[in-house]
Structure formats: structure tokens, C-alpha cells
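Chain by chain, the residues run as shown.
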Amino acid sequence: MKSQASVTEYLVLVMMIVIIVLIAMLLIFGFQFFTVGSEQLKGRERMSLFLLESFISSTALNNLQYQKGSVFDDSKLTVASCEDLETLLGKGWFAEIMVLLDESVCYDQPAWKKNKCLRDLRKQASIVCTKQNYPFCNIWRFCEQNKGDRMIYRSIPVNVYRKMNNTLELGVITVGVQTGG
Amino acid sequence: MISVFQIFRALMGVIVFIFVITFFLRISDMYTATQIKGSKMEMVNAFDYVAMQTYTSGNPATFPGFGDFETLVYEPPKIKSDAGQHTLSVPVFFVPGRGEISMERRCLDFGWFKWCMVFAFPAKSKILFTPIENTNATRDLILEIVENLPGSLEYGFCNGADARTANKGEFLSYLASGAGVTYQPCETQLPEYCRLVTITASTDSSSNLTENHIIINPSTRLVSEENSSGGLESRPYHDWMDIAVFITGGVKALDYKKAVFSRELAASAGIMHERSVLVSQRIKECNIQPCLECSTPFPTPCGWTDYSGREHESGIYHDFISSLVSLKNAISSGNYHQLLEDTASKYNELKNQGCE
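Residues numbered from 1 in each chain as written. Chains lettered and ligands numbered in written order. Predicted model: local features only at pLDDT ≥ 70, side-chain atom pairs only at ≥ 80, totals over all residues. Heavy atoms only, no water.

(A) Examining the overall build of chain B more closely. Across its full length, chain B carries six helices and 14 strands. Relative to its 356 residues, chain B shows a buried fraction of 46%. In chain B, the proportion of contacts linking residues at least 24 apart, taken out of those at least 6 apart, comes to 57%. Carbon together with sulfur atoms contributes 53% to the accessible area of chain B, which is approximately 16700 Å² in total. (Helix = DSSP H or I, 4+ residues; strand = E, 2+ residues; numbered from the N terminus. Buried < 20%, exposed > 50% of the residue type's maximum accessible area, 1.4 Å probe, protein only. Contact = heavy atoms within 4.5 Å. Areas by Shrake-Rupley, 256 points an atom, 1.4 Å probe, with all protein chains shown as cover.)

(B) Inspection of the overall build of chain A at higher detail. Along the backbone of chain A there are five helices and five strands. Secondary structure elements of chain A occur, N-terminal to C-terminal, as α-β-α-α-β-α-α-β-β-β. Scaling as 2.2 N^0.38, a compact globule of 181 residues should have a C-alpha radius of gyration of about 16 Å, whereas chain A reaches 28 Å, well beyond that. Considering only residue pairs separated by 6 or more positions, chain A has 60% of its internal contacts joining residues 24 or more positions apart. For chain A, the exposed area adds up to about 10200 Å²; of that, 60% sits on carbon and sulfur atoms. When the 20 basic and 17 acidic side-chain charges of chain A are each reduced to a single mean position, those positions are 2 Å apart. (Rg over C-alpha atoms; globule rule 2.2 N^0.38 Å. Lys, Arg positive; Asp, Glu negative; His and termini not counted. Charge placed at Lys NZ, Arg CZ, Asp CG, Glu CD.)

(C) Examining the sheet that holds strand S7 (residues 114-122) of chain B more closely. Residue and element names in this part refer to chain B. The mixed open sheet is built from four strands, whose spatial order is S1-S6-S7-S5. Of all the strands in the sheet, just strand S1 (61-63) and strand S5 (92-94) have a single pairing partner and so form its edges. Adjacent strand axes in the sheet meet at a mean angle of 30°, parallel and antiparallel pairs treated alike. For strand S6 (residues 101-109) and S7, the ladder comprises nine bridges, and the chain directions are antiparallel. Looking across to S7, one finds that serine 102 is bridged to phenylalanine 121. In the packing of helix H1 (residues 4-57) onto the sheet, contacts are made with S1, S5, S6 and S7, and the angle to S6 comes to roughly 35°. (Pairing = 2+ DSSP bridges. Axes fitted to C-alpha atoms, helices over the stretch in contact; angles between N-to-C directions.)

(D) Inspection of the sheet that holds strand S3 (residues 78-81) of chain B at higher detail. Residue and element names in this part refer to chain B. If you trace the three strands from one edge of the open sheet to the other, you get S2-S3-S4, paired in antiparallel fashion. In this open sheet, the two edge strands, each paired with only one partner strand, are strand S2 (72-75) and strand S4 (84-87). Adjacent strand axes in the sheet meet at a mean angle of 20° when their direction is disregarded. Looking at chain direction, S3 and S4 are connected through four bridges and run antiparallel. Each residue of the ladder has a partner; that of serine 81, found in S4, is glycine 84.

(E) The nonpolar core, seen in detail. In terms of nonpolar packing, the biggest core is built from 96 residues, with Phe55 and Phe142 of chain A together with Trp112 and Phe129 of chain B touching the most fellow members. If you tally residues by element for this core, the top one is helix H4 (residues 240-288) of chain B, at 21 residues. Sequence-distant contacts of tryptophan 112 of chain B, that is, excluding residues within four places in its chain, are made with Leu64 of chain A together with Leu265, Ser268, Ala269, Met272, Phe320, Leu324, Leu327, Leu340, Thr343, Ala344 and Tyr347 of chain B. Of all hydrophobic cores here, the second largest spans 23 residues; its members include Tyr55, Phe63, Leu88 and Ile101 of chain B. (Core = buried A, V, L, I, M, F, W, Y, C linked by side-chain atoms within 4.5 Å.)

(F) Layout of the interface of chain B and chain A. Listed by partner, the interface residues are 52 residues for chain B and 49 residues for chain A. A buried area of about 4300 Å², summed over both sides, lies between chain B and chain A, and 68% of it is on carbon and sulfur atoms. At the junction of chain B and chain A, the tally comes to three salt bridges. A salt bridge links lysine 163 of chain A to glutamate 356 of chain B; its shortest N-O distance comes to 3.8 Å. (Buried area = accessible area lost by both parts, 1.4 Å probe. Salt bridge = Lys/Arg side-chain N within 4 Å of Asp/Glu carboxyl O.)

(G) Layout of the environment of aspartate 48 of chain B. Residues and elements named next belong to chain B. Locating aspartate 48 in the fold gives a position in helix H1. Sequence spacing of aspartate 48 and isoleucine 79 is 31 residues, and the spatial spacing of their C-alpha atoms is 9.7 Å. What aspartate 48 contacts, discounting residues up to four positions off in sequence, is His86, Thr87, Leu88 and Ser89.

(H) View of the pairing of strand S2 (residues 93-99) of chain A. Residue and element names in this part refer to chain A. Across the seven residues that make up S2, a large majority, six, are buried. For S2 and strand S5 (residues 167-178), the ladder comprises seven bridges, and the chain directions are antiparallel. Opposite alanine 95, over in S5, you have valine 175 as the bridge partner. Sheet topology places S2 next to strand S3 (residues 139-142); four bridges connect them, and they run antiparallel. Within S3, the position partnered with alanine 95 by the bridge is phenylalanine 142.

(I) Seen up close, the state of the cysteines. Evaluation of the coordinates by the stated rule reveals four disulfides over all chains. One disulfide in the model links cysteine 82 of chain A with cysteine 143 of chain A; its S-S distance is 2.0 Å. Taking the sign of the torsion about the S-S bond as the criterion, the disulfide between cysteine 82 of chain A and cysteine 143 of chain A, at about 110°, is right-handed. Here cysteine 143 of chain A lies in the loop between S3 and strand S4 (151-162) and cysteine 82 of chain A lies in helix H3 (residues 82-89), a separation of 61 residues in the sequence. In this structure, cysteine 82 of chain A and cysteine 143 of chain A share a single accessibility class: buried. Sulfur-sulfur distance for the disulfide between cysteine 158 of chain B and cysteine 186 of chain B comes to 1.9 Å. When the S-S torsion is 75°, as for the bridge of cysteine 158 of chain B with cysteine 186 of chain B, the disulfide is right-handed. (Disulfide = S-S within 2.5 Å.)

So this is what it looks like as C-alpha cells:
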């Protein structure tokens, strides 16, 4: 009876050692998976930054009067399709460029011109650009994101050259890169 | 007297000890291998990141190197190593090697279209030239190639058994002096990270081809290297970049460059074509009704209609659009280089007229 109890006691001890070993293993591999996951996320963040830089420096979208790049050409943005840009920049992203419309520029104009200026400005507010409505629009969207996609977003201010009225306007570009989750 | 239980306990102790030790050894072995592989992959990712930065910013960069790798092969766009394979995010023409890797961006600029790539060479790389027919045209070709290759490399001539190198500045000034030396085929043993470039119009120059040795034939505009079966594999070249890419990675690199270049050219030509049509249409509307949206009327030759309503079918947007259409149609055939030059000159005309 006593020796049976000792055997049981011993087996319990062995089981506990095995459990401790398994827990140690789980912790080590759990940490490993965590590290891999965080590396992937870091990679996606780098990719979103790269995408932003590529957009800004792309000659396919920039106005070529500005040698250093960083100025989008509104007419190129209007005709560029998602497929074209995926060929140039890769897949798994979405982008939106919005020109910020500043009504205060109209207030400086003579009274007879002010109303037309405001009317024109409001006509293009929050309108996605197409070949039909160009240049009366101020938003360009590329590669629509699917609902439920997990993305990393980045936004920075940019310049947009409005070809038809030869002006430089301020806008914001937002890019999102899928995190794969 | 030892009881049965004590024997059982001793045996179980030994078994459990062996099990635990084996288990931990295997785990630590796996863990170490995974960690090493992870850190190598991280190194490849870092290389990709430095290449991306160089590509987008245009600033030269240095990568500390791939010291711990046992195997490292570059088959563009993939880096294959003992840690696995990784596809680079930007066009990189890379000569794998130990030690520091220098990266520099180079671009082809056609006005409306600019294509850039990154050269990545081990810092101590050398390029030796053997111009068998040492003519002015050959020297101009060498000048064009070297001017566009990274400044961190050493350049030189190989004449028979004599091989000398210098830094880029010294080499270019020596080349400009145009010393009229007659060159013999190179017979020297090539050092590590050295490429030998023989320039000759002779067609039987393949007999002494060795590893890391390429031949440029300016008369046929072909670049050649030795293939795996010992024969000669050639490709046509169109500009200095084709030759420079061939020097870094031979046939595979040049095929990759041409594929990426044509793909991006097709996409950019598509955008530029549609954009030029859109702009010329709007300019036409603008010039008919100037107060529509244009604060500055465009010069008459840009559009198809002038203020008096006269059609300008030969407006230079029209010419540029026609040349873009021809280019787009020719890209798939691969025979588009003259048309590309044509679009570049038409675009330049648009700029000179104030339309762009």
C-alpha cells in the first residue's frame, strides 16, 4: 500500500516535470511567434512608407515641370487606373488624394468675381475626379479597399498642380497597406 | 537491501533525465536554427529597405554586408540564400558578395517617362575593360558605361597579362586623354568581385570566355556571356544601362530589366496617352470659351482649335498622342526603342512651346 502511494507520488512528480517542460516550450515558441508577427508588422509599416515615397516621386503621376518631384499633376491623377498603378507600385494598397479647397482665396477677389470664384470652388468640393467631370473635382481614389481589410494608414500633405488653371494647390495623400490579417 | 520501488525510481529517474535532456537539446537546436534564419531574413529585409530608400530618394547608400551567409544567389528579383528566398521590392541589379555593399540609383530619362533602378556592388568590386579595337567609338562607349556606373567601384584596363585599376575619377581622366594603346585579350587571373569586359567587333572572340567575362560587340550591338553548357549566350543592347545591367548579372539580369522596363513603360504610356487626350480636349474647350476654368489660355499650337475657331489638326498634342499610340502598339513586340526616342522629342517640343 505504502509502495503504491510512493509510485503514484513519483509519477505525479514526473508529470509535473513534463508539464513544466511543455510550458517552457510554449513560452519560447510563443515568444518566437510574437517576434515573427512584430517583424511582419514592421515590414508592412516600411512598405506603407515606401508606397508613400513612391507615389510622391512617381513620374507617372507627378508634374514634370517640377524637377524634384513631389507635385502631383491633377490630369494624370484623373486618368491613372488602379491596374496601371499596381503595375508601377505593386499590389495590396489603396490611396486617396484630396485637394483642400480654401474659400478665403475668393475673398481677396473683386466683388464681381468673388461669387463666381466661390461657386466654382463649391462646384468641385468633395467630388471624385473622372474624365467627364475634370477639372471640377478635388478627390482621386485608387484601388478601393475591401470592407474588413486590416490596413496601416499614412497621410501627409502634398502639392497638386491644377493643369487647367496653372495653379499649385495644397492636398493630403492617404495611403493604406494591407496588413494581411 | 534495495527494494523494487527503489529500482523502479532509479530507472524512471534515468529515463526522465534522458527525456528532458534530449527534449531541451532538440528544442534549443531548433530555437537556435530559427533564430539564425530569422536574423538572416531580417538582414535580407534590411537590404531591401536600403534599396527602397536609395530608389526613392536617389541618395547613394551603403549596406553593411551579408557576412554570415553561406549561400547567397541573386536571380532578379529574388535573393536566394540559406535563409530562404525574398523578392526585392524595387529593380535592383546586385552582385552578391561579402563586405560592404554600395548602392546607387541610376535613371533613364525620356522627359515624360523616367525609369530608375539601383546598382548594388560589393565595395571592392573592379571592372576591367579590354578594348581590342581601341577606336574613339569604343572609348566613348566605355566612357558612357563608366560615367553611369557607381563611383565606389574601381575601373581599369587589362592588356594581356597586365591589369591595372584606378578609382572612377582617375580612370575617366585617363580615358579622356585618349591614349592610343593597342590591347591584347586579357590573360590575367581575375581577382574576387572582378568583371572583365572585352569590347570587340570580332565574332570568334568567344573561345577564351571565362567566368565573369562578358563581350560587347559594338558592330552587331550584342552583349554576350558564357552559358552553362559552355556556349555563347547573347542579347541585343540599346543603351548604356543594358550593358551596365549585363555586367552586373548577365543574361538573367538583362532579361529581367527589359521585362520590368517594358511593363512600366506600357503602364506609363497608357497614363500619358489618356492624359494628353484629356488635356488637349480641355484646352480646346478652354480656347473656345476662355473663362471656363483656365486662368491662363494655352498657346495655340498645344490644342486643336485656336481662338478664331480654326482647327489645328497638327497641334503638337496631337503629334505627341500619335507617337504615344505607336509606342503603345509596339511595346509588346519589343521593337520600340526608336519610337520611345520619338515620343521624347515630341514631349520636348510640347515643353518648348509652353504646353507642358
